Amino acid sequence: MLNLLTVITAYTEMIADADAVRKNPENNSYVQKIQRSVRSLNNVVISTRDYQDIGVNAPAWIDVRETFRKVYLSNSWFHQLRAIDPKEEIEIYADSMFERVLYNLMDNTMRHATGASAISLSFSREDETGCLFFRDDGPGIPEDEKEKIFNHSYGKIQDWDFS
């Protein structure tokens, strides 16, 4: 499936570069919707593959800064954001799904943090414990929606707009 999605992505990019598309806002809009949908489908396929492996691999020490950079560089869509690496070297003992968590956070910023221009990962230590903080400079979640975001049916459906 990923190979097929790669082919679709390549052909869609060629179509997007065609004069007939670039010069016609309506055609360009359709191509952008296809591109968003293909990205979403690609993420679903990758997530499905990743989630079947939860708990299969033993936890390991993970270099947080290196993983943050790797995930950021893995998707050119994320490059619209400025990435601010953790200032210090941090290693955590975690499941290999940690990389997927960072990917999902970056993806959520791109999809939902309208106007965001930067993402960062930082660490705060207290005694023998610590917290990782992923932040973006988007508008945030309105106070009256904060409890709703944990409902499965809540959210913006941007990729399925067929109008």
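Here is a short report on the structure shown in this document. In this text the structure is predicted, and so the values were computed from the model without any measurement.

Cut-offs used in this document
Along every chain, residues carry numbers that run from 1 in the direction the sequence is written. Where totals are concerned, whole chains, interfaces and linings use all residues; where local detail is concerned, this predicted model gives features only for residues with pLDDT of at least 70, and gives and counts side-chain atom pairs only at 80 or more. The side-chain quantities take in all heavy atoms of the structure and omit both hydrogens and water. Criterion for a salt bridge: a side-chain nitrogen of Lys or Arg within 4 Å of a carboxyl oxygen of Asp or Glu. For the purposes of this entry, the term helix denotes a DSSP run of H or I that reaches at least four residues, the term strand denotes a run of E that reaches at least two, and both are numbered from the N terminus. Relative accessibility under 20% of the residue-type maximum defines a buried residue, over 50% an exposed one, and the middle range a partly exposed one, all with a 1.4 Å probe and only protein chains included. Stacked, tilted and edge-to-face are the three classes assigned to paired rings of Phe, Tyr and Trp, where Trp is represented by its six-membered ring and a pair needs centres within 6.5 Å; plane angles under 30 degrees give stacked, over 60 edge-to-face, the rest tilted. Should DSSP find at least two bridges between two strands, the strands are regarded as paired. All axes here are fitted lines through C-alpha atoms, helices being fitted over the stretch that makes contact, and every angle between N-to-C directions spans 0 to 180 degrees. Residues are treated as being in contact if the distance between any of their heavy atoms lies within 4.5 Å.

## Thoughts on the pattern of salt bridges
(1) Moving on: Per the stated rule, a full pass over the model turns up six salt bridges.
(2) Moving on: A salt bridge links Asp 19 to Arg 22, with the nearest nitrogen and oxygen atoms 2.4 Å apart. Taken as a pair, Asp 19 and Arg 22 lie in helix 2 (residues 19–22) at a separation of three residues, close to a single helical turn.
(3) Moving on: Using a relative accessible area of 42% as the deciding quantity, one classes Asp 19 as partly exposed.
(4) Moving on: We note a salt bridge from Arg 69 to Asp 85, for which the minimum N-O separation is 2.4 Å. Placement of Arg 69 in helix 4 (residues 64–73) and of Asp 85 in the loop between strand 2 (82–84) and strand 3 (91–94) is noted, with a sequence separation of 16 residues between them.
(5) Moving on: In this structure Arg 69 comes out as partly exposed when scored by relative accessible area, which is 34%.
(6) Moving on: Classification of Asp 85 as partly exposed rests on a relative accessible area of 23%.

## Notes on the packing of aromatic side chains
Two aromatic rings are characterised by how far apart their centres lie and by the angle between their planes.
(1) Moving on: Counted by the stated rule, this structure contains three aromatic pairs.
(2) Moving on: Ring pairs connect the aromatic residues Trp 77, Phe 78 and Tyr 103, which therefore count as one cluster.

## Digging into the sheet that holds strand 2
(1) Moving on: Taken in spatial order, the three strands make up an open sheet running 2-4-5, and their pairing is mixed. At either end of the open sheet lies a strand with only one pairing partner, and these are strand 2 and strand 5 (129–136). Direction aside, neighbouring strands of the sheet carry axes that sit 15° apart on average.
(2) Moving on: As defined by bridge partners, strand 4 (residues 118–126) adjoins strand 5 across eight bridges and the pair is classed as antiparallel. Each residue of the ladder has a partner; that of Ile 119, found in strand 5, is Asp 136.
(3) Moving on: Set on the sheet, helix 4 makes contact with strand 2, strand 4 and strand 5; between it and strand 4 the angle comes to about 165°.

## Focus on the environment of Asn 3
(1) Moving on: Mapped onto the elements, Asn 3 comes out in helix 1 (residues 2–17).
(2) Moving on: Taking C-alpha positions, Asn 3 is 10.0 Å from Asn 42, a pair spaced 39 residues apart along the chain.

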